[in-house]
Amino acid sequence: MMKKAIFPGTFDPFTIGHASLVRRGLAIVDEIVISIGVNDTKQSYFPLEKRIDMIRSLYKNESRVSVTSYDCLTVDFAKEVDADFILRGIRSVNDFEYEKTIADMNRKISGIETVVLFTEPEYTHISSTIVRQLMRFNHDISDFVPEGINIDIND
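Going by what an unreviewed UniProt entry lists, the chain is known as Phosphopantetheine adenylyltransferase and is assigned to Dysgonomonas capnocytophagoides. The heading Catalytic activity (unreviewed entry) in the UniProt record of the chain holds the text "(R)-4'-phosphopantetheine + ATP + H(+) = 3'-dephospho-CoA + diphosphate".

In structure tokens form, the structure reads like this:
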């Protein structure tokens, strides 16, 4: 039986930490839907369509990865695409507390399990927030985003 996971986030931008989680997640599940949540409370650096295009181009040769967006509860979207799991990454103890609370609530209201992967140590310092800050001040971000992702900081 095929196992599918969604990997939700804003991915603004998609980092090497995110790519690591997708790579490692594909060892556990057969398919991953990278799911860009529309969050009206967050000010995005890149428009939604640009984020979708950047990530799709990165995985254009990986048939087990798809990219889409959603504008509902994550568990409702997971059910909509027939996902068996929600894939999440944890960088720190603070992430753990937050993700555990959300995972417990998601399981309670939907029955969908969350699969948590701990971030590889070399990526724990990387976050989209920090990468956006570097972009705002025109710093090189090539060490923090996957090779092959087309990020033009002038966009």
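K.L.:
Kindly report on empty space enclosed by the protein, identifying the contributing residues and their values.
P.N.:
Summed over the entire model, instances satisfying the criterion amount to 2 cavities of 30 Å³ or more. The computed volume of the largest cavity comes to approximately 50 Å³. In terms of lining residues, the largest cavity is bounded by Thr-10, Asp-12, Lys-42, Gln-43, Ser-44, Arg-51 and Arg-132. The residue makeup of the lining of the largest cavity, split by class, is no nonpolar, 3 polar and 4 charged. Reported here for the second largest cavity is a volume of approximately 40 Å³. Lining the second largest cavity, in full, are Ala-5, Gly-25, Ile-28, Val-29, Phe-85, Leu-87 and Val-115.

K.L.:
Let's hear about the environment of Tyr-59: which residues, and what values?
P.N.:
Here Tyr-59 lies in the loop between helix 2 (48-58) and strand 3 (65-70). Separated by 23 residues in sequence, Tyr-59 and Asp-82 have C-alpha atoms that sit 21 Å apart. Contact partners of Tyr-59, with chain neighbours within four places excluded, come to Phe-14, Ala-19, Val-22, Ile-34 and Val-65.

K.L.:
If you had to explain the UniProt feature "binding site: substrate" (unreviewed entry) in the chain to someone new, which residues and values would you point to?
P.N.:
Listed under "binding site: substrate" (unreviewed entry) in the UniProt record, and renumbered for this structure, are Thr-10, Lys-42, Thr-74 and Arg-88. In this structure, the largest cavity is lined, among the annotated residues mentioned, by Thr-10 and Lys-42. Note that Thr-10 resides in the loop between strand 1 (4-9) and helix 1 (16-25). With residues up to four places along the chain from it excluded, the contact list for Thr-10 reads Ile-36, Gly-37, Asn-39, Lys-42 and Arg-51. If we skip the residues at most four places from it in the chain, Thr-74 touches Ile-6, Pro-8 and Ile-86.

K.L.:
An account of the UniProt feature "domain: Cytidyltransferase-like" (unreviewed entry) in the chain is requested, with residue identities and associated values reported.
P.N.:
In the numbering adopted here, UniProt assigns the feature "domain: Cytidyltransferase-like" (unreviewed entry) to residues 6-133. The distance from the first to the last C-alpha atom of residues 6-133 is 27 Å, and the span holds 41% helix and 23% strand.

K.L.:
Let's hear about the side chain of Asn-106: which residues, and what values?
P.N.:
With respect to the helices, strands and loops of the structure, Asn-106 is situated in helix 4 (residues 93-110). Apart from the residues within four sequence positions on either side, Asn-106 is in contact with Val-75, Ile-86, Gly-111 and Ile-112.

K.L.:
Break down the pattern of salt bridges for me, with residues and values.
P.N.:
A complete count under the given rule lists 8 salt bridges for this structure. Taking the shortest distance from any N to any O, the salt bridge between Glu-62 and Arg-64 comes out at 3.7 Å. Arg-64 gets classed as partly exposed once you look at its relative accessible area, which sits at 31%. Residue Arg-107 pairs with Glu-113 through a salt bridge whose shortest N-O separation is 3.5 Å. Judged by relative accessible area, which is 33%, Arg-107 ranks as partly exposed. Within this structure, Lys-100, Asp-104, Arg-107 and Glu-113 form a network of salt bridges that share partners.

Criteria and cut-off values
- Residues numbered from 1 in each chain as written.
- Predicted model: local features only at pLDDT ≥ 70, side-chain atom pairs only at ≥ 80, totals over all residues.
- Heavy atoms only, no water.
- UniProt positions renumbered as here; feature names shortened; annotations may be inferred.
- 1 Å grid on protein atoms, 1.4 Å probe; cavity = no way out; pocket = protein on both sides within 12 Å on 5 of 7 lines; lining within 4 Å.
- Points joined across faces, edges and corners; volume = space filled by probe spheres on them.
- Nonpolar A, V, L, I, M, F, W, Y, C, P; charged D, E, K, R; others polar.
- Helix = DSSP H or I, 4+ residues; strand = E, 2+ residues; numbered from the N terminus.
- Contact = heavy atoms within 4.5 Å.
- Salt bridge = Lys/Arg side-chain N within 4 Å of Asp/Glu carboxyl O.
- Buried < 20%, exposed > 50% of the residue type's maximum accessible area, 1.4 Å probe, protein only.

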